[in-house]
Amino acid sequence: MKPSSNTADMTKGSPVRLILTFSIPLIIGNIFQQLYNMVDTVVVGNFVGSNALGAVGACGSISWLFFSLSSGLALGIGIIVSQNYGAKQFDQVRATIANSFYVLIFTAIVVSVVCYLIAPAALRLLKTPDDIIDNSIIYMRTTCLGIVAITLYNGVSSILQALGNSKTPLYFLIMASICNVLLDLLFVVVFHLGVFGVAFATILSQTLSAVVSLIYAFKKVPYFRMTREQLKPNFSIIGTSYRLGVPIALQGSMIALSCIALQYVVNSFGSTVVSAFTITNRIEQLINQPYNSLCTALTTYAGQNMGAGNTDRVKLGFKKSIYIAGIFSAIMIPIMFIFGKNIAGLFVKETDVIALSASALRITSVCYFFLGMIYIPRGILNGCGDAGFSVINGLTEVICRLLFSCVLTKIPKIGFWGIWITTGFTWLVVSIVCLLRYASGKWKQKAIRSEN
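Okay, so let's go over this structure. Here the residue index of a chain counts from 1 through its sequence in written order. With the structure being a predicted model, the display of local features is reserved for residues of pLDDT at least 70 and the display and counting of side-chain atom pairs for 80 or more, all residues being used for whole-chain, interface and lining totals. Note that water and hydrogens are dropped before the side-chain values are worked out from all heavy atoms of the structure.

1. As for the nonpolar core
Nonpolar core, defined: a set of buried Ala, Val, Leu, Ile, Met, Phe, Trp, Tyr and Cys residues in which side-chain atoms within 4.5 Å join the residues together. Exposed residues in this analysis have more than 50% of their type's maximum accessible area, buried residues have under 20%, and partly exposed residues fall in between, with area computed by a 1.4 Å probe over protein chains only. Core analysis: the biggest nonpolar cluster contains 114 residues, and Ile 97, Met 140 and Phe 224 have the highest contact counts within it. Within the second largest apolar cluster, five residues are counted, among which are Ile 80, Leu 244, Ile 248 and Ala 387.

2. Some words on the state of the cysteines
Cysteine sulfur atoms are paired as a disulfide whenever they fall within 2.5 Å. Evaluation of the coordinates by the stated rule reveals one disulfide. Cys 115 shares a disulfide with Cys 144; S-S distance 2.0 Å. What sets the handedness of the Cys 115 and Cys 144 disulfide is the S-S torsion sign, and at about -40° it is left-handed. Within this pair, whereas Cys 115 is found in helix H4 (residues 90–125), its partner Cys 144 is found in helix H5 (residues 133–144), the two being separated by 29 residues in sequence. What makes Cys 144 buried here is its relative accessible area of 2%. Looking at the unpaired Cys 59, the closest cysteine sulfur is the one in Cys 144, lying at 8.8 Å. Not part of a disulfide, Cys 295 finds its nearest cysteine sulfur in Cys 434, a span of 9.3 Å. Where helices and strands are cited, they refer to DSSP runs of H or I of at least four residues and of E of at least two residues respectively, numbered from the N terminus.

3. Structural notes on the pattern of salt bridges
Here, a salt bridge means any Lys or Arg side-chain nitrogen found within 4 Å of an Asp or Glu carboxyl oxygen. This model, assessed by the stated rule, comprises six salt bridges. Across the pair Asp 9 and Lys 88 runs a salt bridge, and its minimum N-O distance is 3.5 Å. Here Asp 9 is found in the segment before helix H1 (15–47), whereas its partner Lys 88 is found in the loop between helix H3 (60–86) and H4, with 79 residues between them in sequence. Looking at Asp 9, the relative accessible area reads 25%, which means it is partly exposed. Lys 88 sits in the partly exposed class, given a relative accessible area of 39%. Here Glu 229 and Lys 232 are joined by a salt bridge, their closest N and O atoms 3.3 Å apart. The exposure class assigned to Glu 229 is exposed, which follows from its relative accessible area of 56%.

4. Re the environment of Ser 14
Within the secondary structure, Ser 14 is located in the segment before H1. Measuring from C-alpha to C-alpha, the distance between Ser 14 and Leu 316 comes to 9.9 Å, with 302 residues separating the pair along the chain.

5. Considerations on helix H6 (residues 147–162)
If you check H6, its first and last C-alpha atoms are 22 Å apart, about what 16 residues at 1.5 Å a residue would give, namely 22 Å. Extensive coverage of H6 is indicated by the burial of 15 of its 16 residues. With its phi angle positive at about 90°, Gly 164 sits one or two positions after the end of H6. Under the convention used throughout, the expected extent of a helix is 1.5 Å for every residue step, that is, one less than its residue count.

6. With respect to a nonpolar patch on the surface
What makes a patch is a set of residues exposed beyond 30% relative accessible area and free of salt bridges, joined within 9 Å when like-charged and within 5 Å when nonpolar (Val, Leu, Ile, Met, Phe, Trp, Tyr). Exposure was quantified through the Shrake-Rupley algorithm and a 1.4 Å probe, taking into account, for residues, occlusion by the shown protein chains and nothing else. A contiguous nonpolar surface patch, about 860 Å² in accessible area, is contributed by Phe 47, Val 48, Ile 138, Val 181, Leu 185, Leu 186, Val 189, Val 190, Phe 191, Leu 193 and Phe 196. With five residues, helix H7 (residues 167–190) is the largest single contributor of residues to the nonpolar patch. Along the polypeptide, Phe 196 turns up in helix H8 (residues 194–220).

7. A short note on unusual backbone geometry
Even without being a glycine, Lys 88 presents a positive backbone phi close to 60°. With a phi close to 55°, Lys 127 is a non-glycine residue in the positive phi region. In this fold, Lys 127 is placed in the loop between H4 and H5.

Okay, here's the thing in structure tokens:
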């Protein structure tokens, strides 16, 4: 069977061209995905108020924890697909896709139920301020209902990306983001549904993207057309999916837990700091997208080339990606220093929150390159199947955020500024750990396609 026209072979051609061509749709798509949360923030901040904005922000880390469990599995499945595709084992690609739905649907249902049930207790445990906790519970419980939809979308998207197709998921995200904006304005401005309105708009948009992506995949991508034999549960593939996906999910969950711990510290400084932290988080999530897109591109690139047995080509892609991350980081620093207030002013009208947010952005922007140097080796290591390191990576972030936040915020002359200094220091330490793992060369023996 020949490769489909809806896929791309990343084992041949210029690494820079392939990585950039693959990354650009991902960057655009990830930016639109962040618009889900960005629009929620802007609409709530301007039409409901800063307390409601804090309520949405207080849910961010907990929601990320649960979404990470599902998205990690989707990425693990994508790694198996990319290595088999690189090795030209196309029947195995189909069998992996067939079994991925058992993994994704079961996991998503369990995660969504748990998330819904523990929402009030989790928010109280984090000492969410009394004046925002009711709205936080509403927002978190409503968004939990969308976990199944976003998991299915992430699964299809991860598989398409593993096959070298990063453009099609972009179209679905643009459509869903436009839908999200319109529904946000309808539910909040017209129907006055407040925090519930923005959460409901988000899950409706996520459901739309899931349904449309599934229809496209089964109609247009031949690898989604499975035989009856391939549809039978294959516990070897399911087991490998969990073996790869769970450590990646745990990494995301541990990072989310570290952010939850940081949110606990943030909440102790009151609603103004919570709102400023929410704004800077939203902006940094946007800044993350080029790095995250580069990471995803490198995961597919490394996976296909590992499947083809070409480790030298993997190393070349790593080196070229460092230059890409360095250029982007250098551009973003002056933007944050000069336009930080203007950017923060898009979210709220309160001048004290805007001033605090702008200063915080200046602190974290000088560490953006370290953030990039987390994503580049992470993408390579994930694509090569080095799943075990994901747990070490996540644990490092937990330790750093806990240690730095607890120490720095207790220093009188630093105080709440320690929240944002913690972020920068954490990026620095984690980047060093990731680079050391890559330099060890252990990833060269981690190919997993033969296990399926």
